[in-house]
Amino acid sequence: MSNVLVAFFSASGETARLAKTLADTVKGDLYEIQPGVPYSSADLNWNNQASRSSVEMNDKTARPVIKNRVEDMTSYDVIFIGFPIWWYEAPRIIHTFLESYDFSEKTVVPFATSGGSGMGETDHILKQTCPMARWLPGKRFSSRANTEEISAWVKGLKM
Ligand SMILES: Cc1cc2nc3c(=O)[nH]c(=O)nc-3n(C[C@H](O)[C@H](O)[C@H](O)COP(=O)(O)O)c2cc1C
């Protein structure tokens, strides 16, 4: 696999760990999607309908600001995008990321961690934001996923 970027957003570190293992496995560059305003634990409280994450996830048009950019997106052919599942889909900041670059002629592969939910409609929802990319099916991992599980998945991808 050549010219691979592993981009990820992680609010509490689980997806970050998986992303690092994946970047080692595919020999890709690692890029963390950093929110302009970091998420506090109060922001992440899904039991509170007024918390920042609840408000964002209740608004399909929410686009939280990203503070850092990928230096040269044109140099990558394959972009893995990792995130925690929030309310059965990708956090809105992933949509901000997808709208920040030109992904035409690029292969995009979602991956996620969650407490238990699968990808559900996640792939479909992301594709609507970025229809010009070539999407491969995304995969949800448990936060305990090991290197073997990740490399088996990568080997099975139809690049
Ligand atoms: C706001 C919010 C919503 C969540 N919604 C779900 C969900 O719908 N299904 C699920 O299995 N886990 C859900 N989770 C749990 C996270 O997906 C899980 O803890 C994930 O591994 C966290 O990754 P991170 O440490 O990279 O942020 C949610 C967590 C948060 C903070």
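Heads up: the structure comes first, above all this text.
Everything quoted here is computed from the prediction, not taken from an experiment. (Residues numbered from 1 in each chain as written. Predicted model: local features only at pLDDT ≥ 70, side-chain atom pairs only at ≥ 80, totals over all residues. Heavy atoms only, no water.)

## What to know about the overall build of the protein
Part 1 of the argument: For the protein, the count of helices and strands is 5 helices and 6 strands.
Part 2 of the argument: Start at the N end of the protein and walk to the C end: the helices and strands fall as β-α-β-α-β-α-β-α-β-β-α.
Part 3 of the argument: The globule rule puts the C-alpha radius of gyration for 159 residues at 15 Å, and the 15 Å found for the protein is close to it.
Part 4 of the argument: The buried share of the protein, taken over its 159 residues, is 51%.
Part 5 of the argument: Looking at the protein as shown, the accessible area adds up to about 8,300 Å², and 49% of this sits on carbon and sulfur atoms. (Helix = DSSP H or I, 4+ residues; strand = E, 2+ residues; numbered from the N terminus. Rg over C-alpha atoms; globule rule 2.2 N^0.38 Å. Buried < 20%, exposed > 50% of the residue type's maximum accessible area, 1.4 Å probe, protein only. Areas by Shrake-Rupley, 256 points an atom, 1.4 Å probe, with all protein chains shown as cover.)

## Quick look at the environment of R52
Part 1 of the argument: Its location among the elements puts R52 in helix α2 (residues 52-57).
Part 2 of the argument: Beyond its immediate chain neighbours, meaning those up to four positions away, R52 contacts V37, P38, Y39, D43 and P64.
Part 3 of the argument: At 3.3 Å, the side chain of R52 and the backbone oxygen of P38 are in polar contact.
Part 4 of the argument: One polar contact links R52 to D43, side chain to side chain, over a distance of 3.5 Å. (Contact = heavy atoms within 4.5 Å. Polar contact = N/O pair within 3.5 Å; in protein donor to acceptor, adjacent residues only side chain to side chain.)

## Focus on the layout of surface pockets
Part 1 of the argument: The calculated volume of the largest pocket comes to roughly 610 Å³.
Part 2 of the argument: Lining the largest pocket are 24 residues; nearest its centre among them are W46, I85, W86, S114 and G115.
Part 3 of the argument: Of all elements in the fold, only α1 (14-26) and α2 reach the threshold of two or more residues within the lining of the largest pocket.
Part 4 of the argument: The residue makeup of the lining of the largest pocket, split by class, is 9 nonpolar, 12 polar and 3 charged. (1 Å grid on protein atoms, 1.4 Å probe; cavity = no way out; pocket = protein on both sides within 12 Å on 5 of 7 lines; lining within 4 Å. Points joined across faces, edges and corners; volume = space filled by probe spheres on them. Nonpolar A, V, L, I, M, F, W, Y, C, P; charged D, E, K, R; others polar.)

## Some words on helix α4 (residues 122-129)
Part 1 of the argument: If you check which residues of α4 are buried, you get T122, D123, L126 and T129. Projection of α4 onto a plane perpendicular to its axis shows the buried side chains occupying an angular sector of 120°, all on one side.
Part 2 of the argument: In the core, the buried residues of α4 are packed alongside β3 (78-84), α3 (92-98), β4 (107-113) and β5 (134-135). (Arc of directions from axis to C-beta.)

## Focus on the nonpolar core
The nonpolar side chains of a soluble globular protein tend to be buried, and buried together.
Part 1 of the argument: Of all hydrophobic cores here, the largest spans 30 residues; its most connected members are Y31, M73, I79, F83, I94, F97 and F103.
Part 2 of the argument: Elements with a minimum of two residues in this core: β1 (4-8), β3, α3 and β4.
Part 3 of the argument: Broken down by element, the residue count for this core peaks at 4 residues, all from α3.
Part 4 of the argument: Once residues lying within four places of it in the same chain are set aside, the contact partners of F83 are F9, T15, A90, P91, I94, P110, F111, A112, T113, M119, T122 and L126.
Part 5 of the argument: With 20 residues, the next largest nonpolar core counts V26, W153, V154 and L157 among its residues. (Core = buried A, V, L, I, M, F, W, Y, C linked by side-chain atoms within 4.5 Å.)

## A few points about the site of the ligand
Part 1 of the argument: For the ligand, the set of nearby residues contains 19 residues, the closest of which are S10, S12, T15, T113 and S117.
Part 2 of the argument: For the ligand, an oxygen atom lies 2.5 Å from a polar atom in the side chain of S10.
Part 3 of the argument: Taking G13, its main chain carries an N or O atom lying 3.0 Å from an oxygen atom of the ligand.
Part 4 of the argument: For the ligand, the protein covers 86% of the area, taking 650 Å² as the surface of the free molecule.
Part 5 of the argument: Judged by the proximity of its atoms to the pocket grid, the ligand belongs to the largest pocket. (Near = heavy atom within 4 Å. Sits in = over half its atoms within 2 Å of the grid points.)

## Some words on the pairing of strand β2 (residues 29-32)
Part 1 of the argument: Here 4 bridges tie β1 to β2, and the two strands are oriented parallel to one another. Bridge pairing links L5 to D29 in β2. (Pairing = 2+ DSSP bridges.)

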